[in-house]
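Chains, contacts and geometry: an overview
Okay, here's what each chain looks like letter by letter:
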Amino acid sequence: MDKPLFSGCGGCTAKLGADMLEKVLNGLPKKADERLLVGFEGQDDAAVYRLRDDLALIQTLDFFPPVVDDPYSFGKIAAANALSDVYAMGGDVLLALNIAAFDEKKPTALLGEMLRGGAEKVMEAGGLLAGGHTIHDPVPKYGLSVTGLCHPEKIWRNNTPRDGDLLLLTKPLGVGIITTAQKLGEASPGAFAAAAQSMEQLNRAASEALRDFRVHACTDVTGFGCIGHLLEMLGGEKGGWAAEIRLEQVPFLPEADAYAKEFFLTAAAQRNRNHAKGLLDAGNASFAQQELLFDPQTSGGLLASLHPEDAEEALAALRRRHPTAAIIGKIKKRTEFAISLR
Amino acid sequence: MHIDARGLECPHPVIQAKKALHGALDPITIAVDNAIAVENLEKMAGELGHGSAARQIADDHYEVTITPSGPSTAASAPAKAEQAPALRPPLSPEMPARHEQNGMVVHIGARTMGEGDDQLGGALMKAFLYALTELDTAPDHLIFLNGGVFLTTEGSNSLEDLKALEARGTRIHSCGTCLEYHALRDKLRVGGVSNMYEIAGLLANAAKVIRP
């Protein structure tokens, strides 16, 4: 039986490990420009550049090999994932360009389906798909280069939480483990459908809902897992912030817990675990809960740090479109560990 | 037992090791080509309560040896297992009920299908098992109990069909007590040995149970 074209180690498990990236990026030549509001230093994968006092440009890009077998679904997921960065910064999507790689010997209908999914998501995001670039490659890949706009003073950075803030997570965790189980034919149709639907969902509604509240920091949860992205928010290894996470509040996708217990482990989750060594107090967290918190997400939800007085109202607003959104923890000043699981 | 999982991405090495450990009494050694896979294997072994040791042989060649500890949880139990199911250790103390997790389960409690004539019944069962191999979606589990264990053991004329199903991912379970009773334990030719606890779980969490 032919190996399906659209299957493989894709999604955010395809990202290179944070440690490896850090070393490489630190060695690149850089130029200082005070109009670059967000660049490499914050470990963001989006750049923000001030054009005027009231207008900033957001530039971001994301692409990867398939994480699901169906090309149309993959197109939607890859696009939603790329668009997410703009939303995580509190911005609006303006333009997008396709980045695609496809095996020219395979039926073009598959490429068409992939791009159709992407085009629909860009439209849903209120943006314009203005072109793109496709190259030949035996392993298909897809994503977008996205341009967004935002007011420079309203940009949400990813590493500026405040003491006493509450943390909100808008989508449940576990897509990495479920898609891994699916690759081995061990995921139930229900679990996989829930995971695919979660990945296809834009973060637009969540971002827009949060703009009415005092968001101090925001990021989207992708390849480094919830813990990895939370660590970035807390300032990393040498940061001054800490977070206490309440395990029973963290939303997980249905059956993800069971698949974690069955050891559908990814290499990426283990790399994420290694990156957090010494910074995490796992408390009474079970093996499965830990794996799910390290699980790399593809097109995951927003992780936002909010003023405590706004959190409940923000949650109610989010839950209209994201029923599993939850307040998962709070921010404190760091004394020993960066993240404690309770 | 030795598994060469080099060239395979996670989770394949972990899953292959997990399957090999199921019911294993001897240590198993898995070869992988990267350090992360070694870490995942040791993590799994630790979580299951087994000992493990890893060594690096070359740049892209590592070996992890996992030593199973304690009796296998899937070993068949003597007849008294049915009398006191509460005393048997659960397969996984924290495993939540996986509602409808097990998909389609076929329960085969005899080597014949239907009643009235056993010769006809035997032919019908053979035809039924063959027909399963022709279904668009293979069943997730087949459970063989009582007389059904004659279908998974030496002398059965359905072994090829059952092996074909197994190749498509169907898990085949024969009740250990029943194999013992009919003195067929070492004549099992397809699938694994199960126990009433596991069988009850499979049936309880099935989306659909078929009894031919």
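Please refer to the structure higher up on the page.
First, a word on what this report is: a plain description of the structure on this page. Source: prediction; values computed, not measured. (Residues numbered from 1 in each chain as written. Chains lettered and ligands numbered in written order. Predicted model: local features only at pLDDT ≥ 70, side-chain atom pairs only at ≥ 80, totals over all residues. Heavy atoms only, no water.)

**Focus: the interface of chain B and chain A**
Selection criterion: Contacts were defined at the residue level, with two residues in contact if any of their heavy atoms lie within 4.5 Å. Once two parts are put together, the accessible area they lose, assessed with a 1.4 Å probe and summed over both, is termed the buried area. Salt bridges are counted wherever a side-chain nitrogen of Lys or Arg sits within 4 Å of a carboxyl oxygen of Asp or Glu.
The interface is formed by 20 residues belonging to chain B together with 22 residues belonging to chain A. Taken together, both faces of the contact between chain B and chain A bury some 1900 Å²; the carbon and sulfur share is 60%. Remark: the boundary between chain B and chain A carries three salt bridges. Residue K19 of chain B pairs with E186 of chain A through a salt bridge whose shortest N-O separation is 3.9 Å.

**Some thoughts on the sheet that holds strand β2 (residues 46-52) of chain A**
Residue and element names in this part refer to chain A. So the rule is basically this: By the convention used here, strands pair only if DSSP detects at least 2 bridges between them. Secondary structure is summarised from DSSP: a helix means a run of H or I of at least four residues, a strand means a run of E of at least two, and numbering begins at the N terminus for each. Axes, fitted as lines to C-alpha atoms, cover a helix only where it is in contact. Angles between the N-to-C directions of the axes lie from 0 to 180 degrees.
Spatially, the six strands line up as an open sheet ordered β1-β2-β3-β6-β4-β5, and their pairing is mixed. Every interior strand has two partners, whereas the edge strands, β1 (36-38) and β5 (128-136), have only one. Within this sheet the neighbouring strands show an average axis-to-axis angle of 20 degrees, counted without direction. The sheet contact formed by strand β3 (residues 55-64) and strand β6 (residues 141-150) spans nine bridges and is antiparallel. Opposite L57, over in β6, you have L149 as the bridge partner.

**Focus: a nonpolar patch on the surface**
Applicable threshold: Only residues whose relative accessible area exceeds 30% and that take part in no salt bridge are eligible for patches, with like-charged residues grouped when within 9 Å of each other and nonpolar side chains (Val, Leu, Ile, Met, Phe, Trp, Tyr) grouped when within 5 Å. In short, Shrake-Rupley with a 1.4 Å probe defines the accessible areas, and a residue's cover is counted only from the protein chains shown.
On the surface, L94, L95 and L128 of chain A cluster together to form a nonpolar patch covering roughly 250 Å² of accessible area. With respect to the helices and strands, L128 of chain A occurs in strand β5.

**Regarding the nonpolar core**
Residues and elements named next belong to chain A. How we decide: Side-chain atoms within 4.5 Å link the members of a nonpolar core, which is a set of buried Ala, Val, Leu, Ile, Met, Phe, Trp, Tyr and Cys residues. Exposed residues in this analysis have more than 50% of their type's maximum accessible area, buried residues have under 20%, and partly exposed residues fall in between, with area computed by a 1.4 Å probe over protein chains only.
In this structure, I58, F74, L83, L144 and Y259 are the most contacted members of the largest nonpolar core, which totals 50 residues. The element best represented in this core is helix α2 (residues 71-88), accounting for nine residues. Apart from residues lying up to four places away in sequence, L144 is in contact with T60, L61, D62, A79, A82, L83, A96, L97, N98, I99, V122 and L129. If you look at the next biggest cluster of nonpolar residues, it comprises 30 residues, including L167, V221, A282 and A285.

**Remarks on the packing of α2 of chain A against helix α5 (residues 189-200) of chain A**
Residues and elements named next belong to chain A. Spelled out, the test is: Note on terminology: angles under 35 degrees are roughly parallel, angles over 145 are roughly antiparallel, angles of 65 to 115 are roughly perpendicular, and the others are oblique. The classification used treats Ala, Val, Leu, Ile, Met, Phe, Trp, Tyr, Cys and Pro as nonpolar, Asp, Glu, Lys and Arg as charged, and all other residues, Gly among them, as polar.
Following both chains from N to C, one finds α2 and α5 inclined at 45 degrees, their axes separated by 8 Å at the closest point. Considered as vectors, α2 and α5 are oriented oblique to each other. Across the interface between the two elements, S73, K76, I77 and A80 of α2 pack against A196, M199 and E200 of α5. Along the lines of polarity and charge, the residues of the contact of α2 with α5 split into four nonpolar, one polar and two charged.

**Points about the packing of aromatic side chains**
Residue and element names in this part refer to chain A. Cut-off, in case you're wondering: Two aromatic rings from Phe, Tyr or Trp, using only the six-membered ring of Trp, form a pair when their centres are within 6.5 Å; if the ring planes differ by under 30 degrees the pair is stacked, by over 60 it is edge-to-face, and anything between is tilted.
Throughout the structure, instances matching the rule amount to three aromatic pairs over all chains. Summarising the aromatic geometry, the rings of F64 and F74 are spaced 6.0 Å apart at their centres and angled 55 degrees between planes, so their arrangement reads as tilted. In this pair, F64 is assigned in strand β3 and F74 in helix α2, connecting sequence segments 10 residues apart. For F64, a relative accessible area of 3% translates into the label buried. Using a relative accessible area of 0% as the deciding quantity, one classes F74 as buried. Considering the side-chain rings of F263 and F287, the 5.4 Å spacing of their centres and the 50 degrees angle between planes classify their relative orientation as tilted. Of this pair, F263 sits in the loop between α8 (256-261) and α9 (267-275) while F287 is found in helix α10 (residues 287-294), placing the two residues 24 residues apart along the sequence.

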